[in-house]
6 protein chains.
Amino acid sequence: MRILVVNVNTTESITQAIARSAQAVASPGTEIVGLTPYFGADSVEGNFESYLAAIAVMDRVMSYDQPFDAVIQAGYGEHGREGLQELLNVPVVDITDAAASTAMFLGHAYSVVTTLDRTVPLIEDRLKLSGLWDRCASVRASGLAVLELEHEPQRALEAIVHQAELAVTQDKAEVICLGCGGMAGLDEKIRQRTGVPVIDGVTAAVTIAESLVRLGLSTSKVRTYATPRPKTIIGWPARFAR
Amino acid sequence: MRILVVNVNTTESITQAIARSAQAVASPGTEIVGLTPYFGADSVEGNFESYLAAIAVMDRVMSYDQPFDAVIQAGYGEHGREGLQELLNVPVVDITDAAASTAMFLGHAYSVVTTLDRTVPLIEDRLKLSGLWDRCASVRASGLAVLELEHEPQRALEAIVHQAELAVTQDKAEVICLGCGGMAGLDEKIRQRTGVPVIDGVTAAVTIAESLVRLGLSTSKVRTYATPRPKTIIGWPARFAR
Amino acid sequence: MRILVVNVNTTESITQAIARSAQAVASPGTEIVGLTPYFGADSVEGNFESYLAAIAVMDRVMSYDQPFDAVIQAGYGEHGREGLQELLNVPVVDITDAAASTAMFLGHAYSVVTTLDRTVPLIEDRLKLSGLWDRCASVRASGLAVLELEHEPQRALEAIVHQAELAVTQDKAEVICLGCGGMAGLDEKIRQRTGVPVIDGVTAAVTIAESLVRLGLSTSKVRTYATPRPKTIIGWPARFAR
Amino acid sequence: MRILVVNVNTTESITQAIARSAQAVASPGTEIVGLTPYFGADSVEGNFESYLAAIAVMDRVMSYDQPFDAVIQAGYGEHGREGLQELLNVPVVDITDAAASTAMFLGHAYSVVTTLDRTVPLIEDRLKLSGLWDRCASVRASGLAVLELEHEPQRALEAIVHQAELAVTQDKAEVICLGCGGMAGLDEKIRQRTGVPVIDGVTAAVTIAESLVRLGLSTSKVRTYATPRPKTIIGWPARFAR
Amino acid sequence: MRILVVNVNTTESITQAIARSAQAVASPGTEIVGLTPYFGADSVEGNFESYLAAIAVMDRVMSYDQPFDAVIQAGYGEHGREGLQELLNVPVVDITDAAASTAMFLGHAYSVVTTLDRTVPLIEDRLKLSGLWDRCASVRASGLAVLELEHEPQRALEAIVHQAELAVTQDKAEVICLGCGGMAGLDEKIRQRTGVPVIDGVTAAVTIAESLVRLGLSTSKVRTYATPRPKTIIGWPARFAR
Amino acid sequence: MRILVVNVNTTESITQAIARSAQAVASPGTEIVGLTPYFGADSVEGNFESYLAAIAVMDRVMSYDQPFDAVIQAGYGEHGREGLQELLNVPVVDITDAAASTAMFLGHAYSVVTTLDRTVPLIEDRLKLSGLWDRCASVRASGLAVLELEHEPQRALEAIVHQAELAVTQDKAEVICLGCGGMAGLDEKIRQRTGVPVIDGVTAAVTIAESLVRLGLSTSKVRTYATPRPKTIIGWPARFAR
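Notes on the structure follow. Everything numeric here is computed off the predicted structure, so don't read it as measured data.

## Some thoughts on the interface of chain C and chain D
So, point 1. Taken together, the contact pairs 47 residues of chain C with 47 residues of chain D.
So, point 2. Of the roughly 4100 Å² buried at the junction of chain C and chain D (both faces included), carbon and sulfur atoms supply 59%.
So, point 3. When the buried area of chain C at its contact with chain D is split by residue, C:Phe48, C:Tyr51 and C:Arg118 rank highest and sum to 20% of it.
So, point 4. Counting across the interface, chain C meets chain D through ten salt bridges.

## Here's the deal with the pattern of salt bridges
So, point 1. Applying the stated rule across the entire model yields 97 salt bridges over all chains.
So, point 2. We note a salt bridge from B:Lys172 to D:Asp117, for which the minimum N-O separation is 3.5 Å. Remark: D:Asp117 occurs in the loop between strand S6 (110-114) and helix H5 (120-129) and B:Lys172 occurs in the loop between helix H7 (153-169) and strand S8 (175-178); the pair is interchain, linking two chains.
So, point 3. In this structure, C:Glu152 engages C:Arg155 in a salt bridge whose closest nitrogen and oxygen atoms are separated by 2.8 Å.
So, point 4. Classification of C:Glu152 as partly exposed rests on a relative accessible area of 31%.
So, point 5. On the accessibility criterion, C:Arg155 (45% relative accessible area) is partly exposed.
So, point 6. Each of the salt bridges in this network shares a partner with another, and the network as a whole consists of A:Glu45, A:Glu49, B:Arg229 and B:Lys231.

## A look at the packing of aromatic side chains
So, point 1. Per the counting criterion, the structure on display carries 15 aromatic pairs over all chains.
So, point 2. Centre to centre, the rings of D:Tyr64 and D:Phe68 are 5.9 Å apart; their planes meet at 65°, and the pair counts as edge-to-face.
So, point 3. Assessed through its relative accessible area of 15%, D:Tyr64 is described here as buried.
So, point 4. Of the residues examined, D:Phe68 reaches a relative accessible area of 18% and is grouped as buried.
So, point 5. Note on E:Trp236 and F:Phe48: the rings are 4.9 Å apart at their centroids and 55° apart in plane angle, and the pair reads as tilted. Placement of the pair is E:Trp236 in the segment after strand S10 (233-234) and F:Phe48 in helix H2 (residues 47-62), with the two residues belonging to separate chains.
So, point 6. Overall, E:Trp236 belongs to the buried group, its relative accessible area being 14%.
So, point 7. Judged by relative accessible area, which is 2%, F:Phe48 ranks as buried.
So, point 8. Taking the ring centre of C:Trp133 as reference, the NZ or CZ of C:Lys128 above it sits at 4.9 Å.

What counts, and at which threshold
Position numbers for residues start from 1 in each chain and track the written sequence from start to end. The lettering of chains begins at A and the numbering of ligands begins at 1, in the order of writing. The predicted origin of the model limits local features to residues at a pLDDT of at least 70 and limits the giving and counting of side-chain atom pairs to 80 or more, whereas totals for whole chains, interfaces and linings rest on all residues. The side-chain values count all of the structure's non-hydrogen atoms but skip hydrogen atoms and water molecules. When checking whether two residues touch, look at their non-hydrogen atoms; a contact exists if any pair is within 4.5 Å. As used here, buried area is the combined drop in accessible area, with a 1.4 Å probe, of two parts when they are placed together. The salt bridge criterion pairs a side-chain nitrogen of Lys or Arg with a carboxyl oxygen of Asp or Glu, the two atoms within 4 Å. By definition, any uninterrupted DSSP run of H or I lasting at least four residues is a helix, any uninterrupted run of E lasting at least two residues is a strand, and each is numbered from the N terminus. For each residue, the accessible area found with a 1.4 Å probe, counting protein chains only, is set against the maximum for its type, and the residue is called buried under 20%, exposed over 50%, and partly exposed in between. For this analysis, a ring pair means two rings from Phe, Tyr or Trp (six-membered ring only for Trp) whose centres lie within 6.5 Å, classed as stacked if their planes differ by under 30 degrees, edge-to-face if by over 60, and tilted for the remaining angles. Lysine and arginine charges are scored as sitting over a ring when NZ or CZ, respectively, is within 6 Å of the ring centre and within 35 degrees of the ring normal.

Without other data, these values stay purely geometric and don't point to any function.
Rendered as structure tokens:
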């Protein structure tokens, strides 16, 4: 089975970190292919960048020329998943949904700890649209930007742990979701510090994608995610930036 | 005052119809500028096309080289408004929100009549995200595609009136919102047939945009719609398809 | 176009302040007529007084003997708007709804800052009934009574700014609505202090009322706001207190 | 114990029917006093009439010159209960709330069958404000006006039973609330026909009012229903129409 | 009239306290019978114990061999009420619902003060399922276990009063519900200290049960609470532990 | 890895069918152990039976004397999962949650098709408590009892397909969840007939349980599902019926 794990930003090192983390939990026989979009921001932290990423992710996946069995969109709270679901016949799993969905099997309420405060409403909105909001205790921001997670891992860890602790003690979260693809790998450390299960959306998404494939299930094509109707489209297929 | 009215698709005749309809209700002294995106689908009827339109609309607005006072995104239930709000310092009004917001001043519940069934969930989701869902009685599809509205106006009118009547009698709507930018101009005819107020989002959006400008109000920049942080972005500014 | 702006209390100086503020944003050609009810409390701060105001406002509007194009009910969180909508064929705009509806075009969430804590639940309930609650971050009380706003403007300003700041920093509001007709005129000062858009319901209502008239839209008469059926009514038309 | 049961309209025969029905379930030692407002409509079927009734009921109760232990507002879905709660120190029970609250002890979902379709949104809104909406399966209108219940009891019975049956079979209601003070006495007949518990709000309200008195409980005065602050009020105490 | 008041735990002294408290508010002619389950935990503070109690309460009621008119399940936030409703033809009143339902007649919002933090989610969930959650301001834990209420009444009183005060001042509760059957008798003391109405679910349930019986109302048998279908059941009727 | 799949009823043939179906999708190296409770109903179709099953399932799992890695509770809409989560340190997956959670990755809305109408409210309530209700289009009953699924498979298939079709065409479901453990094996047939993905909760639960184990995740023990406190419990450990 081959699963594409698509980064939402153009920072190659994040793609590699995500792919490593995905491969680490993949079943024997599952090949993880990390993809970096051909265009877009080096880190995605807001609506404009997220909308651009939505198209860049679709572009990257559609220009991948080998067969694959599922796609993971590895951005937290980003736009675009529904477009991929229309374009593809294989399952599409967003890490935001994967983490929340998994969290709900482990505790009565969960919180998300993410990067900048400005991304909190995006995550809240995506969880609402996905129908996974009801048991969300809070979405908290560590105040650190995506790329700071890469460059200052220790400071990032402290900031994330601090918010995770507040989520547990004040917001009554019983599970923590790491709210950024770039946080892959921090889960075990934070679990030790907070005492509650910590979920990395990327690894959760890998097991969900594998499960859907194994069960022979894929996106329903009867309505919302039906294949696009034939259209005259200017600028697509795109390879926009090449 | 100059207001940009941006079509979400690349069909120039629709842009013109929308702009005419906008100009017709504009105050003396308001100049309406209709814009057609440089890329994207000739009609937008689903998530993939809508996400592409989101970027195409932002691209078109950002490459407009004259000053302007407000922007109207003239697509019903489409993605992208939040991105424009980040990129601009002038008010941005989506016609989906404009119609619903206006409807709520006129009746206890409103319905939207749109084109294809597959776009119903998109509209519902946008209304939910905008906080305008509570008084929505239903979103109904006429079953006609966007371009059929142009090519078969009489048949379109009948199909839309039929759904509007069901919305009033069965769903208890007291106001009807025309759920497609391409329906501009049908409101008066449908009002005569159904006996309830009928709202065209484009004209509603013009009065709202003018009002915001007149009141000196614009998008809040403290959190969700803050100006994007400086980033390395590949492929933007885009002029993707040029 | 003539718009009646009806105060909900019997304090004439408040009527005048509201009318001035309304006239200041009105379009050329719009005449603002400020009306003071013939009976009721000198300030409205609770359910009993608000119910009395509801009838007093209807009484005052119905006894106005000139033609008019729209009515603005200038009380925040008060009862009665639905009654006016039944009795009239012109649009009725409540400033509570006008402010909230306008706020939602400017930010992801808004807060209301009002006078006394006891009126908070009334405002919350009116916003819920109007379907405008979803994006409300909080309703906060400055602790100052309506008439204190008149008599101690500087102290009122400080108290309102303080709550507005808490709304932004703690409740994550991105827009502030001034929750009292008597706050008309404070918006600019508070905007300077808080950095977020501040909405005065009276001025917002003027632009909305003008817009509805311009679009040829008025209250739907098919169900909730249908004209009252012929009845034997004791004590109405009332001129209760004259 | 003396309980005032206040009709919301000025039709004396309805007051008497309500009072008889209340007295029939009252405990030994409970005196029921039926009161008719001094002003207002002969039947209340909409917002204007309901707002007028709100004040008329408060006026009538405040001008009652004997001691009493509780007040029942005997109109379904009417405005005003909150005003009475501010003015009085004894418990106030609205029959809308009483019926819904009682229904929820008997079945998983309940429906209300009322008179005219135009009153359905009023009832829905009152149930929402009272926090009793969650388990409401539907509010259905028999299409008969309040006074027709008096003049054509057999036809009214059939129309109400028909809607009750639809509520049970289609809306999955397990309990029926009679949505009009004027329906007092029909409950047993409808129960026989539909096979589900049928609740008359007046009788339910009597037992609730008695219970509150017996438990020594009354309206909380700390916030929403605090006694009105001292004010200059024109036209009150009113005796408006006398 | 005979009302069974069933403790959810096996501590006989709690049964007696509950029964005394119930008898104290019962009408003349109402006989209160306190029942202790034959099996289960000496105090119920979590899901496992609560599920065991659900069956133990059903077992105890079904093995009671005298006629009775209503049953009160005297545990706060416990499972099982729906099972009793299926098995019996007389009304079943849970004290969680009784307290919340009563509170809603007295204030705009209520809070529950319970024992341990771990039981808060159970209570919240039961209120949600019962449709009584909308006006709940908060559920707060005193941090004291059920049996500590018995053994350290003064310390318990202080802890409960403290949380009640926070509920009023911070969460804006206007009424307090005592969230534990074992708190019976504390209501008056706490009312004096907090100034808001305090509701003991057991006494509220007695008046509701009496009211339902008096009105001739009982559980609807058409759907959710229909009598169980004939089945082969191993181990029931149980007398599990005897 | 060993996963216990616990039937909620005492019909051994259903346990075997469930276990077969579970084993069929299990990963190599996963051992499925089907368990039948020692007591309870031969089919569970209502609250009383479901509460009894809750305890019977806990009893059966606790008396299993070999190590295991996860537990699947194989009843649709049943009580008890929270109790198991308290008692165990390994993940617990309910098939109701597993099916709904999986469905949400495949379509915008899902419906459940279950057995008898009386169980519909139980399923709805469980989905609400699990936070998985938002995207549920409907829960529909085929009208066939659990055991009829076994004895009349063809008639059951037709009835279930019919409801599934109505769910898709009328309720706008894009995915169907089979709402009964006893429906295991029907999914492929129904998928062919309806054209939408069909989810069997048992197989979905197997992949989720395996995923949780693989990710090293288990139930959070900080609050709702903390291990029960030491108690004096009569009749437990039970082996009630042996």
